[in-house]
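Reading the structure
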Amino acid sequence: WAHNRSGVDIHPGAVIGRAFLIDHGTGVVIGETTEIGDHVKIYQGVTLGALSFPRNPDGTLVKGGKRHPTIEDHATIYANATILGGETVIGQGAVIGGGTWITESVEPGAKVLVQSTTARK
């Protein structure tokens, strides 16, 4: 029902802190084991998701455990950023630029931006 009305998909297992803001929420996806701290802001199209399931030596899937990222207090994640993985932590006060793809932790206070590959004259 909520997704139908808002375009936001928050798994009921996600842990969300105080004063959480979703601005223009269409397309926001927050996975089951995501942990979000206090005073976090995210914008439209953000995915806080999982990487593929790891496999056992026999090829069967390893299920359970933390699969989605942790977002610490006062972080800001701009439009269409994708942050994946249970070991991925976005540090306190970090700013994640729009359109980024993140599968590794980001230090507190860091700014992550997409670097243009177009040469400027």
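Residues numbered from 1 in each chain as written. Predicted model: local features only at pLDDT ≥ 70, side-chain atom pairs only at ≥ 80, totals over all residues. Heavy atoms only, no water.

Before going further, it helps to spend a moment on the sheet that holds strand β8 (residues 70–71). Here four strands make up an open sheet; going across it, the order is β2-β5-β8-β11 and the pairing parallel. Edge positions in the sheet fall to β2 (15–16) and β11 (89–90), since each has one partner strand and no second. (Pairing = 2+ DSSP bridges. Helix = DSSP H or I, 4+ residues; strand = E, 2+ residues; numbered from the N terminus.)

Moving on: the environment of isoleucine 16. Tracing the backbone through its elements, the reader meets isoleucine 16 in strand β2. Once the C-alpha coordinates of isoleucine 16 and isoleucine 36 are considered, the two residues, 20 residues apart in sequence, prove to be 4.7 Å apart. Once you skip the residues sitting within four places of it in the chain, isoleucine 16 turns out to touch Ile10 and Ile36. (Contact = heavy atoms within 4.5 Å.)

Turning to the packing of aromatic side chains, a few remarks are in order. Evaluation of the coordinates by the stated rule reveals one aromatic pair. Relative to tyrosine 78, the ring of tyrosine 43 has its centre 4.9 Å away and its plane inclined at 15 degrees; by these criteria the two rings are stacked. Taken together, the residues tyrosine 43 in strand β6 (residues 41–43) and tyrosine 78 in the loop between β9 (76–77) and β10 (82–84) connect sequence positions 35 residues apart. Judged by its relative accessible area of 17%, tyrosine 43 falls in the buried class. Its end group placed over the ring of phenylalanine 53, lysine 63 keeps NZ or CZ at 5.7 Å from the ring centre. In this structure, arginine 67 is placed above the aromatic ring of phenylalanine 53, and the distance from its NZ or CZ to the ring centre is 4.1 Å. (Phe/Tyr/Trp six-rings, centres within 6.5 Å; stacked < 30°, edge-to-face > 60°. Buried < 20%, exposed > 50% of the residue type's maximum accessible area, 1.4 Å probe, protein only. Lys NZ or Arg CZ within 6 Å of the ring centre and 35° of its normal.)

Bringing unusual backbone geometry into the picture now. Phi at histidine 24 takes a positive value of approximately 50 degrees, unusual for a residue other than glycine. By the secondary structure assignment, histidine 24 is in the loop between β3 (21–23) and β4 (29–30). You can call histidine 24 exposed: its relative accessible area is 58%.

Any functional reading would require information that these geometric values do not contain.
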